[in-house]
Amino acid sequence: MARNNQIKIKINLSGNDIDNKIIKLGRKAEKSKYLMNILYKKPIITPTEIANLLQIAPKTANELIKDFEGLNILKDITGYKRNRVYIFHDYLKLFWLQR
């Protein structure tokens, strides 16, 4: 139970930090907030999924991903130019077992 409370506190702190980063995106902030809500539910995601879920063009989805990479919110886990998969690393890290 204590571990669950620690995770909730860390998620809240992380969320506040991310909100502060997203504000800096200006006009893109609204779509960015929608993307963050999606990432909390689906922390491993592809550009196609982002485009479909946000109902935006693939080019716009890739631009948003690039912004999120620059803010250290998303990380590419494939290293490929095509068929990339991104991970919301800091969020998932909260749930990994510490050894």
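The rules behind the values
- Residues numbered from 1 in each chain as written.
- Predicted model: local features only at pLDDT ≥ 70, side-chain atom pairs only at ≥ 80, totals over all residues.
- Heavy atoms only, no water.
- Helix = DSSP H or I, 4+ residues; strand = E, 2+ residues; numbered from the N terminus.
- Expected span 1.5 Å × (residues − 1).
- Buried < 20%, exposed > 50% of the residue type's maximum accessible area, 1.4 Å probe, protein only.
- Arc of directions from axis to C-beta.
- Core = buried A, V, L, I, M, F, W, Y, C linked by side-chain atoms within 4.5 Å.
- Contact = heavy atoms within 4.5 Å.
- Pairing = 2+ DSSP bridges.
- Axes fitted to C-alpha atoms, helices over the stretch in contact; angles between N-to-C directions.
- Parallel < 35°, antiparallel > 145°, perpendicular 65-115°, else oblique.
- Left-handed = near helix turned anticlockwise from the far one by under 90°.
- Nonpolar A, V, L, I, M, F, W, Y, C, P; charged D, E, K, R; others polar.

A. Examining helix H2 (residues 29–41) more closely. Relative to the 18 Å expected for 13 residues at 1.5 Å per residue, H2 spans 19 Å between its end C-alpha atoms, a close match to the ideal helical length. Taken together, the buried positions of H2 are occupied by Ala-29, Ser-32, Leu-35, Met-36, Ile-38 and Leu-39. The buried side chains of H2 occupy one side of the element, clustering within an arc of 165 degrees when seen end-on. For H2, exposure combined with an orientation more than 90 degrees from the buried face picks out Glu-30 and Lys-41.

B. Spatial organisation of the nonpolar core. Ranked by internal contacts, the top residues of the largest apolar core, which has 24 residues, are Met-36, Leu-39, Phe-68, Ile-73 and Phe-88. For this core, the secondary-structure elements that each account for two or more residues are helix H1 (2–23), H2, helix H3 (47–54) and helix H4 (58–70).

C. Spatial organisation of H3. Of all the positions in H3, only Pro-47, Ile-50, Ala-51 and Leu-54 are classed as buried. Considered in projection along H3, the buried side chains sweep an arc of 100 degrees and stay on one side of the axis. Among the exposed residues of H3, those pointing more than 90 degrees away from its buried face are Thr-48 and Asn-52. Contacts made by the buried residues of H3 are with H2, strand S1 (44–45), H4 and strand S3 (86–87). Positive phi appears at Gln-55, one or two residues downstream of H3, with a value of about 55 degrees.

D. Up close: the sheet that holds S1. With respect to topology, 3 strands assemble into an open sheet ordered S1-S3-S2, the strand pairing being antiparallel. Strand pairing shows two members of the sheet lacking a second neighbour, S1 and strand S2 (75–76), which therefore form its edges. The sheet contact formed by S2 and S3 spans 2 bridges and is antiparallel. Its bridge partner being in S3, Lys-75 is matched across the sheet by Ile-87.

E. Molecular detail of the packing of H2 against H3. Where H2 meets H3, the axes come as close as 11 Å, and the angle between the chain directions of the two elements is 115 degrees. Taken as axis vectors, H2 and H3 run roughly perpendicular relative to one another. As H2 packs across H3, the resulting crossing turns out to be right-handed. Where H2 abuts H3, its residues Lys-31, Tyr-34, Leu-35 and Ile-38 lie against Ile-50, Leu-53 and Leu-54. Of the residues that constitute the contact of H2 with H3, the class distribution is 6 nonpolar, no polar and 1 charged.

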